[in-house]
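What the coordinates show
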Amino acid sequence: MKITIITKECKTKDKNATTKANLCFRLRDKDVDLKVRSDIEVMLGYWDNDALSYRRTKKVPSDEQKKVKVLVQAIIAALSEQYNSTTADVAWMKNVIEECINPTLKSTETLTTVVSRMEQYIAEHHMSPKSALVYKPTIKKLQRYEAYKREIEGEEGFTLYCETIRPEDYLDFREYVINEYIHYNDYPEFYEQFNLGMHPPKQMSSTQIIGIMHHLRIVGHWCIKMGFTTNRSCDAFTIPAAVQGTPFYLTIEERDKVYNANLHNKPELEVYRDLFIFQSMVGCRVGDMFSFTKDNIVGEILQYLPHKTMRKRSQTVSVPLTTKAMEILKRYDGKQEKLLPTKQVYQYNEGIRAVLRECGINRMVTILDTVTGKEVQKPICDVATSHMARRNFIGNLYKKVKDPELVSSMTGHVNGSRAFARYREIDEETKVNLVNLIN
């Protein structure tokens, strides 16, 4: 089955008017060939029938460009989903297209809000408490968005329902998320009702915005899977991949400088140093490290099941412990219930930065400002986090042995992980060694 679109010029008596055309959908299969002219009008001179969207132009408002694009995607998705070769006819096709353009208004008594379904998803879906907390800010933003539409934009009774939400609603919500920090300053009295207090909306990074839109799509797919709705508008908008910078990490020499640092006069920093070095020696995620007990040590090997990938790949990770890692474990043997002292992640991150500053590890690194999208230079001690310890392990191992499968077997990455691919940086040292092969 194949769906294509052709344009049919609209008739007009005004010779000076911009030429417009209706989008006509054609569905073809082995014994089926259906054509339906929709009410969607486009400016013919700027329409790209191959891309099924407008070409780059300022002649057509950006909101209109986005609206038409997502509407076309929604119609194609709906036709593909509902197509049945034995019953498909022009009447059915017209009905599907019309329903996408003008969703049938149903009694709100029979509808379920997006917010309530997201809350239900958190309550019923198997996830860690930490993962559940990630969805809470998205729910809060949805509630503020609906109130904003009702009270500021005057759309009385505005509510997002799973059964009737449209692709353009997703785009409108995204625009709200992007601009909420501006709205907060423009309408302070409106936002007083939400008791935001010391946590007012701030300008969000592209990664944060992408995460919020992923939450909506995940819940949308879950609703379809559970049979709560047949509305597939969650598939009709695109979510770009997050833009990330090149991973930075400590060299082995820098790591050892931290390990050997004399911090006896600052015992609190000694603990953060030991946690950081141990994590750098085994490459685990911080959440896994703080869950380790003596049972995870078998001989001189650390064995554990990574919590993040447990549902995708329930495979035990085994990491031989180095002399330095074993020495750190001996320092804390029997002093606490867990294998190592546990800390709040934000405290641990602050502790790592303090340790690096104390050790004089302050070389400049290039990071990506996820708000502006520009590269900036900052001291490594100011941007270090627990995840850099994981990068220390992966990056330095990969420099020594160019075998991604061997390295990923000790990090808990799933096969084909995009996150792991970022660590396979071709640095200057590798380039020199490569060129020397033909010297």
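Residues numbered from 1 in each chain as written. Predicted model: local features only at pLDDT ≥ 70, side-chain atom pairs only at ≥ 80, totals over all residues. Heavy atoms only, no water.

Going by the annotation in an unreviewed UniProt entry, the name recorded for the protein chain is Tyrosine-type recombinase/integrase, with Xylanibacter rodentium given as the source organism.

**Observations concerning the packing of helix H3 (residues 114-124) against helix H4 (residues 129-151)**
For any two helices packed against each other, the geometry is given by the interaxial angle and the distance between the axes. The geometry of H3 relative to H4 is characterised by a closest axis approach of 10 Å and an angle of 170 degrees between their N-to-C directions. When the axes of H3 and H4 are compared, the pair comes out roughly antiparallel. For the pair H3 and H4, the contacting residues are Val114, Val115, Met118, Glu119, Tyr121 and Ile122 in the first and Ala132, Tyr135, Thr138, Ile139, Leu142, Gln143 and Glu146 in the second. Grouping the amino acids of the contact of H3 with H4 by side-chain chemistry returns 9 nonpolar, 2 polar and 2 charged. (Axes fitted to C-alpha atoms, helices over the stretch in contact; angles between N-to-C directions. Helix = DSSP H or I, 4+ residues; strand = E, 2+ residues; numbered from the N terminus. Parallel < 35°, antiparallel > 145°, perpendicular 65-115°, else oblique. Contact = heavy atoms within 4.5 Å. Nonpolar A, V, L, I, M, F, W, Y, C, P; charged D, E, K, R; others polar.)

**Let's talk about helix H7 (residues 206-225)**
A rise of 1.5 Å per residue sets the reference length of H7, with its 20 residues, at 28 Å; its end C-alpha atoms lie 28 Å apart and thus fit the reference within 8%. When we look at burial in H7, the residues that qualify are Ile209, Ile210, Ile212, Met213, His215, Leu216, Arg217, Val219, Gly220, Trp222, Cys223 and Ile224. At its buried positions, H7 is contacted by H3, H4 and helix H5 (167-186). Residue glycine 227 follows H7 closely and has a positive phi angle near 80 degrees. (Expected span 1.5 Å × (residues − 1). Buried < 20%, exposed > 50% of the residue type's maximum accessible area, 1.4 Å probe, protein only.)

**Observations concerning empty space enclosed by the protein**
Throughout the structure, instances matching the rule amount to 1 cavity of 30 Å³ or more. In terms of lining residues, the largest cavity is bounded by 13 residues, among which Val114, Cys162, Ile165, Tyr170 and Gly220 are the most central. Top element by residues in the lining of the largest cavity is H7. It accounts for 4 residues. When its residues are assigned to classes, the lining of the largest cavity shows 8 nonpolar, 4 polar and 1 charged. (1 Å grid on protein atoms, 1.4 Å probe; cavity = no way out; pocket = protein on both sides within 12 Å on 5 of 7 lines; lining within 4 Å. Points joined across faces, edges and corners; volume = space filled by probe spheres on them.)

**What to know about the sheet that holds strand E2 (residues 20-28)**
Spatial ordering of the open sheet is given by E1-E2-E3, a layout of 3 strands whose pairing is antiparallel. Of all strands in the sheet, those bounded by a partner on one side alone are strand E1 (2-9) and strand E3 (33-43). Mean inter-strand twist for the sheet, computed between neighbouring axes without regard to direction, equals 25 degrees. Pairing of E2 with E3, which is carried by 8 bridges, proceeds in the antiparallel orientation. Across the sheet, lysine 20 pairs through a bridge with methionine 43, a residue of E3. In this fold helix H2 (residues 90-101) packs onto E2 and E3, with an angle of close to 25 degrees to the strand it touches most, E3. (Pairing = 2+ DSSP bridges.)

**Let's talk about the nonpolar core**
Membership of the largest hydrophobic core comes to 49 residues, with the highest contact counts inside it found for Phe276, Phe278, Met289, Tyr348 and Leu356. It is helix H9 (residues 267-282) that provides the largest number of residues to this core, a total of 9 residues. Residues within four places of phenylalanine 278 in sequence aside, it is in contact with Met289, Phe292, Leu321, Ala325, Ile328, Leu329 and Leu340. Counting residues in hydrophobic clusters, the runner-up holds 37 residues, among them Tyr135, Tyr145, Trp222 and Ile224. (Core = buried A, V, L, I, M, F, W, Y, C linked by side-chain atoms within 4.5 Å.)

**Here we look at H3**
Every buried residue of H3 is listed here: Val114, Val115, Arg117, Met118, Gln120, Tyr121 and Ile122. Those residues of H3 hidden inside the fold are in contact with H4 and H7.

**Observations concerning the packing of H9 against helix H14 (residues 386-400)**
Packing of H9 against H14 leaves a shortest axis separation of 6 Å and a crossing angle of 40 degrees. With respect to their mutual orientation, H9 and H14 come out oblique. Crossing of H9 against H14: the hand is right-handed. Residue-level inspection shows Phe276, Gln279, Ser280, Met281 and Val282 of H9 in contact with H14, the latter providing Ser386, Met388, Ala389, Arg390, Asn392 and Phe393. (Left-handed = near helix turned anticlockwise from the far one by under 90°.)

**So, a negative patch on the surface**
Negative charge collects at one region of the surface, where Asp39, Glu41, Glu98 and Glu99 lie side by side. Mapped by element, the contributors of at least two residues to the negative patch are E3 and H2. Tracing the backbone shows aspartate 39 in strand E3. (Patch = residues over 30% accessible without salt bridge, like charges linked within 9 Å, V, L, I, M, F, W, Y side chains within 5 Å. Areas by Shrake-Rupley, 256 points an atom, 1.4 Å probe, with all protein chains shown as cover. Salt bridge = Lys/Arg side-chain N within 4 Å of Asp/Glu carboxyl O. Lys, Arg positive; Asp, Glu negative; His and termini not counted. Charge placed at Lys NZ, Arg CZ, Asp CG, Glu CD.)

**Comments concerning the environment of methionine 93**
Summarising the element assignment, methionine 93 is placed in helix H2. Methionine 93 sits 68 residues away from phenylalanine 25 along the chain, and the two C-alpha atoms are 9.0 Å apart. Those residues in contact with methionine 93, other than ones at most four positions away along the chain, are Phe25, Arg26, Leu27, Leu34, Val36 and Leu79.

**Considering the environment of methionine 204**
With respect to the helices and strands, methionine 204 occurs in the loop between helix H6 (188-191) and H7. Considered as a pair, methionine 204 and glutamate 180 are 24 residues apart in the sequence and their alpha carbons are 9.1 Å apart.

**Observations regarding the packing of aromatic side chains**
Two descriptors summarise a pair of aromatic rings, namely the distance from one centre to the other and the angle between the planes of the rings. If you walk through the whole model with that rule in mind, you get 17 aromatic pairs. On the numbers, 6.3 Å between centres and 55 degrees between planes, the contact of tyrosine 83 with tryptophan 92 is tilted. Owing to a relative accessible area of 16%, tyrosine 83 belongs among the buried residues under this scheme. For the pair phenylalanine 190 and tyrosine 191, a centre-to-centre distance of 4.8 Å together with 80 degrees between the ring planes defines the contact as edge-to-face. Phenylalanine 190 sits in the buried class, given a relative accessible area of 7%. (Phe/Tyr/Trp six-rings, centres within 6.5 Å; stacked < 30°, edge-to-face > 60°.)

**Regarding the side chain of serine 233**
Here serine 233 shows up in the loop between H7 and helix H8 (252-259). Serine 233 gets classed as buried once you look at its relative accessible area, which sits at 4%. For serine 233, the side chain forms a polar contact with the main-chain oxygen of isoleucine 165, separated by 2.8 Å. Dropping the residues within four chain positions of it, serine 233 is found in contact with Ile165, Arg166, Pro167 and Tyr170. (Polar contact = N/O pair within 3.5 Å; in protein donor to acceptor, adjacent residues only side chain to side chain.)

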